[in-house]
Number of protein chains: 2
Amino acid sequence: MFQDFKFVSDRPVAIQVKEFVKRLIIKGALQADQKLPSTREMSGLLKVSRNTVIAAYEGLEDDGFTYAIPGKGNYVAAMVGQSAVDNGEADSSAAGQIDWKSRMNEYAVSAVELDMMKQGIRAKKGTISFTSIAPDEQLFDLGNVRRAFMDRMAIEGQVLLNYGYAKGYKPLIDYLMHYMENKGVDISGKDMLITSGFTEGFDIVLSALRPSARRGAAICENPTHHTAIKNLKLQGFEITGIPMEHDGIDVKQLEAVLQTKSFDLAYLTPSYHNPTGIVMSPKKRSTVMKLMMRYQIPVIEDGFNEELRYSGAHVAPLIATAGQGNGVIYIGSFSKVLFPGLRVGWVLGDQELIDTLVSIKRARTIHTSTIDQSILYQYLFNGNFDKYVKKARTEYKRKYELTKACCEAHLPDAQLSGDGGLHLFLTFPTGINTHQLLEACIEQGVIFTPGDRFFIQEGEGTNTLRLGFSRVTDENIKRGIQIIGKQVRSFLKV
Amino acid sequence: MFQDFKFVSDRPVAIQVKEFVKRLIIKGALQADQKLPSTREMSGLLKVSRNTVIAAYEGLEDDGFTYAIPGKGNYVAAMVGQSAVDNGEADSSAAGQIDWKSRMNEYAVSAVELDMMKQGIRAKKGTISFTSIAPDEQLFDLGNVRRAFMDRMAIEGQVLLNYGYAKGYKPLIDYLMHYMENKGVDISGKDMLITSGFTEGFDIVLSALRPSARRGAAICENPTHHTAIKNLKLQGFEITGIPMEHDGIDVKQLEAVLQTKSFDLAYLTPSYHNPTGIVMSPKKRSTVMKLMMRYQIPVIEDGFNEELRYSGAHVAPLIATAGQGNGVIYIGSFSKVLFPGLRVGWVLGDQELIDTLVSIKRARTIHTSTIDQSILYQYLFNGNFDKYVKKARTEYKRKYELTKACCEAHLPDAQLSGDGGLHLFLTFPTGINTHQLLEACIEQGVIFTPGDRFFIQEGEGTNTLRLGFSRVTDENIKRGIQIIGKQVRSFLKV
């Protein structure tokens, strides 16, 4: 049986020998109290050095899989608590089955039903995909990330690897508070919680604001970020959507709804709205804030991609517009701007509120990865952010303009929106159903995201789609949009 | 005002100049359309090179804080959407207040109430603290962690920094599946989800198994891990505790309870029980599994610190005892064994169950830090784990024996338990209240964890305490326990 041993070149051989023998014991190929080949024999059998075998045998004894009898050799220890089945009690009730499906609650079932990833569009190799709005990893400045890690490890490696604080990594919090202050935020009476990206921050806030007794009521832009819709539904909120205008949410309709119904919270993405890419005008921002405060509705502001706007003067976020008011919870993240792999986001809001959210965060995950937080902090501190964002903006803007030009050329019937970020949003004449369009395009090797999933009600936005261009080559942008155009025309002919 | 500029030595000066000027604009010290000093003037004012100023001004324009008029200079852009207050609308309802306290639901309120960290024992500097069971960071092999990071970044840096999978980092999953197989687990029909440590894994499992309509019913060892008690309560479970015997949970009482009441799940820590440090005997493991399966109760197995047992043969976990059965959800983590800062844990269980948990994980945090996962994977793959654990075991065992000896010398009335890990659990004669004892010891500069928080019912275990020795020096272990002993004697005299 020892002939089966194959080892990989780039791993310590002693470890591999140890695991190989462990395996034989587990599988029952080596029985309890059976003597192992001597280290000399084994080194011959496996064609590895004798010291390697000695090290491996020591490891096996450490883990309690073997015992040594001085002067005699190494023996297999009895496998206690081993599988009831291996013990020949195949019918043993210890090997019983649980019907997990019947144990899953509504939350778990909905989590699966609302999991877009599991209804993801399957496309064959070579397909041109406009579905992703993840950043283009070719732009990543890996050298600076490595340096940030090494810098931080050199300064306080031991601290980074031991427990951190639920609230977050202090230097990063200080940096981001300053960063938000530079967006015009009055930080007095406010505090910050670091989370594992926007999503965790949003989910934690919802879990604290969800009414205990009844279903919650949330108001938001329509369409809006589909992950936000998912989390609102999962937390038991009924969602009321307010249509978008070219300069942001329709304020008249917003006020009309506020007069008729009360809400537990509002979710808004004013600075770079997903999926439409619309930026809420400064005037609307203060109007919206006044409305929300008059009706006493907490506002969750999604800072989504405001760093990736391509033009125009700095527009202060809602939480800045609110001045000393405490009515806005701002959730920020650099996931789309920098590196999604670093799961770091931040929740900025009322001091007392944050203090409560810290306890929820601790109960859920203790704290966010200190390594991620410290890499991000050092990367920012080293001044890489501005350089990187400048580079990214330039490249994405170029792709954005290319995509826009192609759409204008090949999709003249589509109304475009978006002035930044990593995608464009298209609205077709109501005749066109983008799910059918997608079916046709898949045949031609092109996929995109049908827009209806960003809308609150079933059947809304069936004539819309989102084109993510961040990870598509220029060549494929041209070819892909041309193909979509061809399909659209054939639809219109019908 | 430019005289106030001070810069730190280790940061790009251009960034610092940019943020300094941004600040002046935000604060209103520089007004809209006001001309900035020329780059030459500014370099003189701030005593930095002119190129630095040029770079800083470009940055300001990129962020929309200034605009340039060719041939004339740089001007402050209007701060649109700026704080209502700064705009002199101090009474503006945009600056409104939300009474967050009244908005918090039961979950949020309980999260704060059950947050031990917030009722942590405040002790003055120089106090000898036995409260922590975090690893001793002096043992951390930082060099190997650095190498693991650099190795992985070199292989697939761009992949690590972009989005990963909710299920986890594939190489790590494969490694850990193999690792669990080597503990005797039959992995057929099973799958794995990577989580941000044990806590997230546990909380996700509970959120899926918590009954929708009624309060849940959970059964567990008494005492048990206080974080687990917290999460069970937060998820709305009523908890039934079963007393511990020297070889694990009291099986007779367990069966008696199972006959009278039905439960949604059991939470067990067989391999290194927290806080008692008791290891469940192999015989009890199969008895317990048979009972649980007969009564169809899903078992959540906490693999807590089984790697840090100091003696005895390998004991297969419950999930191995269950053979091909799917009734056990095993949650593992190396947090206490390796580095708590790497927030990585794993949930091993029935394939379909895991598939559901993956959707919940995605809804909560998208995925666990890929950097953390990849560092852990490469660290394990490089074969550092065995060496490190061997070193850690040796050092902790030494401290364990010292602590034990000191307890036997100075606390003869206390019954000790624990044969591994990073702490000892002490039970005193019922006369002694460990909260009062703690009060007395704080005076003498020694603190520990009163044991009652590990018990299910109020008022249980008031005569117990947990001594964590992992981060206490030999000197302080001796002195600290001597001091506790003195206080105990004075209590017994009374």
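Cut-off values and rules
- All residue numbers refer to position in the chain's written sequence, counted from 1.
- For this description, chains carry letters from A and ligands carry numbers from 1, given in the order in which they are written.
- Reporting in this predicted model follows two pLDDT cut-offs: at least 70 for local features of residues, and 80 or more for side-chain atom pairs to be given and counted; totals over whole chains, interfaces and linings ignore these cut-offs and use all residues.
- Think of the side-chain values as coming from all heavy atoms in the structure, minus any hydrogens and water.
- Counting from the N terminus, the helices are the DSSP runs of H or I reaching at least four residues and the strands are the DSSP runs of E reaching at least two.
- Only protein chains enter the accessibility calculation, which uses a 1.4 Å probe; a residue is then buried when its area is under 20% of its type maximum, exposed when over 50%, and partly exposed in between.
- Only heavy atoms matter for contacts: two residues are in contact if any of them lie within 4.5 Å across the pair.
- With residues, only the protein chains shown are counted as cover, and all accessible areas are computed by Shrake-Rupley using a 1.4 Å probe.
- We score Asp and Glu as negative and Lys and Arg as positive, and we do not count His or the chain ends.
- Lysine's charge is taken at NZ, arginine's at CZ, aspartate's at CG and glutamate's at CD.
- Domain ranges listed in this record stem from an automatic or a database domain assignment.
- The least-squares superposition of copies is restricted to C-alpha atoms, and to residues with a pLDDT of at least 70 in both copies.
- Strands qualify as paired when DSSP identifies two bridges or more between them.
- The convention used is that axes are lines fitted to C-alpha atoms, helices contributing only their stretch in contact, and that angles between N-to-C directions extend from 0 to 180 degrees.

Peer 1: Any chance you could explain the overall build of chain A here in plain terms?
Peer 2: Helix and strand counts for chain A stand at 17 helices and 16 strands. Its C-alpha atoms give chain A principal-axis dimensions of about 90 × 60 × 50 Å. Considering chain A as a whole, with its 494 residues, one finds that 63% of them fall into the buried category. For chain A, restricting intrachain contacts to residue pairs at least 6 apart in sequence, the fraction spanning at least 24 positions comes to 74%. Within the structure as shown, chain A displays about 18400 Å² of accessible surface, and the carbon and sulfur contribution to it stands at 52%. Each charge class in chain A was averaged separately, 58 positive and 55 negative side chains, and the resulting centres sit 4 Å apart.

Peer 1: Just checking my understanding: could you explain the domain arrangement of chain A for this structure?
Peer 2: Note: interface size is frequently given as the accessible area lost on complex formation between the parts. Once the domains are mapped, chain A shows domain 1 (13–76), domain 2 (108–134 + 391–492) and domain 3 (140–382). Relative to domain 2 of chain A, the C-alpha centre of domain 1 of chain A lies at a distance of 58 Å.

Peer 1: Honestly, the environment of A:Gly327 in this entry has me stumped. Any pointers?
Peer 2: On the secondary structure map, A:Gly327 appears in the loop between helix H12 (318–321) and strand S10 (328–333). By relative accessible area, which is 1% here, A:Gly327 ends up buried. Along the sequence, A:Gly327 and A:Ile15 sit 312 residues apart, while their C-alpha atoms lie 57 Å from each other. With residues up to four places along the chain from it excluded, the contact list for A:Gly327 reads A:Met293, A:Pro298, A:Val299, B:Gly96, B:Ile98 and B:Trp100.

Peer 1: Just to check I follow, could you spell out the relation of the copies chain A and chain B for this structure?
Peer 2: Each of the two chain copies goes to the other by way of a rotation about an axis and a shift along it. Turning chain A through 180° and shifting it by 0.0 Å along the axis lays it on chain B, with an RMSD of 0.0 Å. The superposition operator between the copies reduces to a two-fold rotation axis. Proximity to the rotation axis, assessed at the C-alpha, singles out A:Ser369 in chain A; its C-alpha lies 3.4 Å from the axis. Here 100% of the contact residues of chain A are again contact residues in chain B; the copies associate through an equivalent surface.

Peer 1: Help me out: how do you make sense of the sheet that holds strand S6 (residues 237–245) of chain B in this one?
Peer 2: Strand-to-strand pairing in sheets goes through backbone hydrogen bonds, with the strands running parallel or antiparallel. All names here are of chain B. The strand order S4-S11-S10-S9-S8-S5-S6-S7 describes an open sheet built from eight strands, whose pairing is mixed. On the outer flanks of this sheet lie strand S4 (190–195) and strand S7 (248–249), each paired with one strand and no other. Bridge count for strand S5 (residues 216–222) against strand S8 (residues 265–268) is three bridges, and the pairing is parallel. When the bridges of S8 are listed, Cys 220 appears paired with Tyr 267. Across the face of the sheet, helix H7 (residues 170–181) comes into contact with S4, strand S10 (328–333) and strand S11 (345–350) while running at roughly 125° to S4.

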